[in-house]
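# Geometric and topological summary
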Amino acid sequence: MRELARIAAAAAVTACIAAAPAVAQAQNEDVSGEITLMSYAGIFEDQYKQAVIEPFLEAYPNVSVNYFTTGNSAQMLGALRAQQSDPQIDVAIFDAGVGLVGNAEGLLSRISVDEVPNLADLHPLATVQEGYGPAVTFDNLVIIYDTQDVEGSPTSLAELWNEKYDGSVGVSAMPNIQGIALTVMTASMLGEDWTKSIDGAIAKLAELAPRVQTFDPQPDGYTMVLNDSLVIATGWNARAQLFRQQSDGRLGIMLPDEGSVFQINSINLVEGAPNKPAALAFIDYALSPEAQKRFTEAMYYAPVNTKAEIDPAAMEKTALSRMDEMLPLDWAWVAQVRDAWNERWRREVIAAGR
């Protein structure tokens, strides 16, 4: 009798396990309709579609995803502002600093763990204040360069000012957040406390401006380095790692001795989203261990879900492996000074260029 009971219990457990995917699939099929995701173009779009969106569509067969982009994070925020009275976008992925502005302006919605269960497993750095959209990727600023034109392996941010690169420097200027990060890193190089003043950093960047070929690399600095349009430029670590891999090491990557800036992309539910249930399902899926693992291993953005089991070789290339070299920048504070910094870039840095 005991043996029969044991067999029956085991069979019941097996049946429950077998039934779980079917139940989950049935629940997923209850979610339907189209959502519009707004995020970055180029290689990010290509990799994100493959690693996250396509598997999501398999898991949610009655949902379709329209991928929309309108440039950098500041431009995406502008699109949300323009649509505030009649939102056309459901989910937005952009930098957390811009997300904080969107939160304050009522453009984005709070979300809860009841709506998005994977919120419970996120890295402490991924949680955004007051319950708004959390981080979906971690990254950091780097300097990229053409190893065919740059001797050795430079280690200092000061390499940007090397006269050898006159006319071959690319800088993504503010309002692009690379400009914010470069301002902080330049202040660090000068020993300046950027929370009190950026006068020294702005003056130093104005000295760099005449050497800059473009303050808006198109399509991006990585491609421009590899097609011989630039020699050295600012860039993000994750994208740089992928371009270095694809170029067989021609693209060099420098994390300066003076430190780097940790960057967070947040995933956000738009206030008044046309299809909120499907949007929440997508956000939850994007934060899941499996989606985080695929995207990290495809493009080297550091994962935000602590349960994601990342290949060690891929993890070593991410921002989380270099946290001791990140400068202590508070993006919530940056949101307060962003407009003033942007104006100084426009008047004092970009105006000093060619």
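Residues numbered from 1 in each chain as written. Predicted model: local features only at pLDDT ≥ 70, side-chain atom pairs only at ≥ 80, totals over all residues. Heavy atoms only, no water.

## A word on the overall build of the chain
Each helix and strand in the chain was counted, giving 12 helices and nine strands. Its C-alpha atoms give the chain principal-axis dimensions of about 85 × 50 × 35 Å. The buried share among the 354 residues of the chain stands at 53%. Long-range contacts, defined here as pairs at least 24 residues apart, represent 75% of the contacts in the chain between residues at least 6 apart. Split by element, the accessible area of the chain, about 15400 Å² in all, is 50% carbon and sulfur. Here the chain holds 23 positive side-chain charges and 46 negative ones, and the gap between their average locations is 2 Å. (Helix = DSSP H or I, 4+ residues; strand = E, 2+ residues; numbered from the N terminus. Buried < 20%, exposed > 50% of the residue type's maximum accessible area, 1.4 Å probe, protein only. Contact = heavy atoms within 4.5 Å. Areas by Shrake-Rupley, 256 points an atom, 1.4 Å probe, with all protein chains shown as cover. Lys, Arg positive; Asp, Glu negative; His and termini not counted. Charge placed at Lys NZ, Arg CZ, Asp CG, Glu CD.)

## A few points about the side chain of Ser-73
Looking at the secondary structure, you find Ser-73 in helix H3 (residues 73-82). A polar contact of 3.0 Å, which involves the side chain of Ser-73, links it to the side chain of Tyr-40. (Polar contact = N/O pair within 3.5 Å; in protein donor to acceptor, adjacent residues only side chain to side chain.)

## Let's talk about the environment of Val-150
Structurally, Val-150 is set in the loop between strand S4 (135-146) and strand S5 (169-170). Overall, the relative accessible area of 4% leaves Val-150 in the buried class. Separated by 88 residues in sequence, Val-150 and Ala-238 have C-alpha atoms that sit 21 Å apart. Those residues in contact with Val-150 that sit more than four places away from it in its chain are Tyr-145, Glu-159, Tyr-165 and Val-231.

## Quick look at the packing of helix H5 (residues 177-190) against helix H12 (residues 331-349)
In the contact formed by H5 and H12, the axes pass within 10 Å of each other and the chain directions differ by 95°. Here H12 runs roughly perpendicular to H5, going by the angle between their axes. Contact residues: H5 offers Ile-177, Gly-179, Ile-180, Leu-182, Thr-183 and Val-184, while H12 offers Trp-331, Val-334, Arg-338, Trp-341 and Trp-345. Across the contact of H5 with H12, the residue classes tally to eight nonpolar, two polar and one charged. (Axes fitted to C-alpha atoms, helices over the stretch in contact; angles between N-to-C directions. Parallel < 35°, antiparallel > 145°, perpendicular 65-115°, else oblique. Nonpolar A, V, L, I, M, F, W, Y, C, P; charged D, E, K, R; others polar.)

## Topic: helix H6 (residues 199-208)
Listed in full, the buried residues belonging to H6 are Ala-201, Ile-202, Leu-205, Ala-206 and Leu-208. Along the axis of H6, the buried positions cluster into a sector of 150°, meaning they face one direction only. On the buried face of H6, the contacting elements are S5, H5, strand S6 (212-214) and H12. (Arc of directions from axis to C-beta.)

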